[in-house]
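Remarks on the overall topology
Residue strings, one per chain:
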Amino acid sequence: MMKILRSSRRVGHLNATIGLAFPLIVGNLAQMATHLTDTVMMGWYGIAELAAVVLGATMFSTIFLVGSGFAMAVMPLAAEAEGARDLGQVRRVVRMGFWISMIFGAVSLIPMIFSESVLIALGQQRDTAALASRYINIAMWGIFPALTIMLLKSFFLAVIRPRIVLWSTVLGAVSNAFADYALIFGNWGFPELGVEGAAIASVTTQFFSLLIMLVFIERDAIMRSYSLFNRIWRVDLSVFRSVFMLGWPIGATLVAETGMFAATALMMGWIDTESLAAHGIALQVAAFFFMIYLGFANASTAQLGRAVGARDMAAFKGSAEAAVIWTLISIALIVTILLTIPETLVLAFLEPGTDPESRIVRIGVTLLYIGAVFQAWDALQVVGLGLLRGLSDTRAPMLIAAFSYWGVGLPLCYIFGFTLELGGPGIWWGLTIGLAIASFAFFARFRKKVGELDLSA
């Protein structure tokens, strides 16, 4: 009887996790489709333009992810308050998260304004840096809606309302595809703007997605009960401090990982333009599948935060186990895809009729074969992070990430890529080892924290 009961509970947790994670996954994939659309259409437009957008988008994404740490800190704090049925605390956490995000957004404009000089200082070719800066100087204005979207996404997950995240990102991705097609190539009577067209399309899409979320909050009776934006100017210093202290390590952790990937893009640029473009394609494919794992990670953060607030140890352990099980199933399916059709995936980003034996395709295929290995470790590390954030544990993971990615992964990227002269594949093997070390360390940390956890009423 006990076995049946445990089995029934496990199925219940698995269903609850996939029920929360599925809209997030589809929403994440739709959000990623926006970046994929930019990459694919720029690949059709020209290799030099593709390389520039890879650099520009990498710089923007790195800065955005640093700031998104504060928005992501809202999720466990708001989920814990929601689990304790404290709606006032949920509101205060979201408001202060908004304040911090907007302050960060304003400061982040400074490095983006001088992006051309920054990229040249980092060893990029002047022509590519100049073209990338034309993209960034427009795309940078999307930092404000992008951070607000991340904030509201954390709120929606904390209160278990993931569908609005799905619909806002899906509709945004569709609008971005149309805007890219019109503005990059000059279709339907619009001017041909190339990289600037891709940037304008992205900013427009971010504002459109944010508008959908705001309309939903205004029209939904349950959402209105939180009064998120009433007297938004009121400052709660204790909550501001809590969000900041939890959020900056998340941002630092994100920049440790994304900074490692950004650094590899710079290294690829040191090799040649084709290697950089192939790297951008392979990384976009890997990042697309990563959105699936990120959905399970975010779901686990929200579920564990609510369980902590409700003082429910059974729900805590069941949700954590379910997130890991679903992640392992996803890894098996995605690795199979990467090993089976890598050439098809690379060619999808290039101009129709591109020779499958061309150098850029051969480089991209090789990187995807290696990517099948690091895909598993990338999945486990992000889910491990999600579990730890559900416990509001962010500082130790930050240190683990810094050591794994910058102390081990990045130096190995350089050693394998240049010292041992393995080129792009060597750089990707360095990435793989850094992710593997982080995965082991995050799960060891989570096991330790669970052993210390006391959820007795």
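In this text, all values refer to a predicted model and were calculated from it rather than measured experimentally.

Moving on to the overall build of the chain. Tallying secondary structure elements over the chain gives 16 helices and zero strands in all. Its C-alpha atoms give the chain a radius of gyration of 22 Å, within 12% of the compact-globule value 23 Å for 457 residues. Judged by the C-alpha coordinates and their principal axes, the chain covers about 65 × 45 × 35 Å. The 457 residues of the chain split such that 58% are buried. Partitioning the contacts of the chain with sequence separation of at least 6, the portion at a separation of at least 24 is 83%. With an accessible surface of roughly 18600 Å², the chain has 67% of that area assigned to carbon and sulfur atoms. Counting 29 positive and 27 negative side-chain charges, the chain places the centres of these two groups 17 Å from one another.

Turning our eyes to something else, we now look at the confidence of the model for the chain. On average, residues of the chain carry a pLDDT of 85, and 97% of them reach 70 or more. Mean pLDDT values for the elements of the chain range from 73 in helix α1 (residues 2–45) up to 92 in helix α15 (residues 395–419). Per-residue pLDDT stays below 50 along residues 1–5; that stretch engages in zero contacts with residues further than four places along the chain or on separate chains.

Right, let's get into the packing of helix α2 (residues 47–83) against helix α11 (residues 273–310). Across the interface, α2 lies against α11 with an axial gap of 11 Å and an inter-helix angle of 5 degrees. Between α2 and α11, the interaxial angle falls into the category roughly parallel. A per-class count over the contact of α2 with α11 returns 14 nonpolar, seven polar and three charged.

As enumerated under the stated definition, the model contains five salt bridges in all. Two residues, Lys448 and Glu452, come together in a salt bridge whose shortest N-O distance is 2.7 Å. With a gap of four residues between them, Lys448 and Glu452 both fall in helix α16 (residues 423–452), about one helical turn apart.

Our focus in this paragraph is the packing of α15 against α16. The packing of two helices is summarised by the inter-axis angle and the distance between the axes. At a minimum axis distance of 7 Å, the contact between α15 and α16 shows a crossing angle of 160 degrees. Relative to α16, α15 is oriented roughly antiparallel. When you trace α15 past α16, the crossing you get is right-handed. Here the residues of the contact of α15 with α16 sort into 20 nonpolar, seven polar and one charged.

According to the stated counting rule, one finds 17 aromatic pairs in the structure shown. Each ring, one from Trp270 and one from Phe418, has its centre 5.9 Å from the other, and the planes form 50 degrees; the classification is tilted. Of this pair, Trp270 sits in helix α10 (residues 237–271) while Phe418 is found in helix α15, placing the two residues 148 residues apart along the sequence. Given a relative accessible area of 44%, Trp270 falls into the partly exposed group. A network of ring pairs unites the aromatic residues Tyr45, Phe178, Tyr181, Phe185 and Trp188 as a single cluster.

Let us now look at the environment of Leu77. Mapped onto the fold, Leu77 is located in helix α2. The sequence separation of Leu77 and Val93 amounts to 16 residues, and the corresponding C-alpha distance is 7.0 Å.

What follows is about the environment of Tyr181. Among the structural elements, Tyr181 can be located in helix α7 (residues 163–185). Among the residues examined, Tyr181 registers a relative accessible area of 35% and is labelled partly exposed. When sequence neighbours within four positions are dropped, the list of residues in contact with Tyr181 reads Met41, Gly186, Asn187 and Trp188.

Turning next to the side chain of Thr264. Relative to the assigned elements, Thr264 resides in helix α10. Residue class for Thr264 comes out buried when judged on its relative accessible area of 0%. At 3.5 Å, the side chain of Thr264 forms a polar contact with the side chain of His279. Sequence-distant contacts of Thr264, that is, excluding residues within four places in its chain, are made with His279, Cys413, Ile427 and Leu431.

Conventions we followed
- Residues numbered from 1 in each chain as written.
- Predicted model: local features only at pLDDT ≥ 70, side-chain atom pairs only at ≥ 80, totals over all residues.
- Heavy atoms only, no water.
- Helix = DSSP H or I, 4+ residues; strand = E, 2+ residues; numbered from the N terminus.
- Rg over C-alpha atoms; globule rule 2.2 N^0.38 Å.
- Buried < 20%, exposed > 50% of the residue type's maximum accessible area, 1.4 Å probe, protein only.
- Contact = heavy atoms within 4.5 Å.
- Areas by Shrake-Rupley, 256 points an atom, 1.4 Å probe, with all protein chains shown as cover.
- Lys, Arg positive; Asp, Glu negative; His and termini not counted.
- Charge placed at Lys NZ, Arg CZ, Asp CG, Glu CD.
- pLDDT = per-residue confidence, 0-100.
- Axes fitted to C-alpha atoms, helices over the stretch in contact; angles between N-to-C directions.
- Parallel < 35°, antiparallel > 145°, perpendicular 65-115°, else oblique.
- Nonpolar A, V, L, I, M, F, W, Y, C, P; charged D, E, K, R; others polar.
- Salt bridge = Lys/Arg side-chain N within 4 Å of Asp/Glu carboxyl O.
- Left-handed = near helix turned anticlockwise from the far one by under 90°.
- Phe/Tyr/Trp six-rings, centres within 6.5 Å; stacked < 30°, edge-to-face > 60°.
- Polar contact = N/O pair within 3.5 Å; in protein donor to acceptor, adjacent residues only side chain to side chain.

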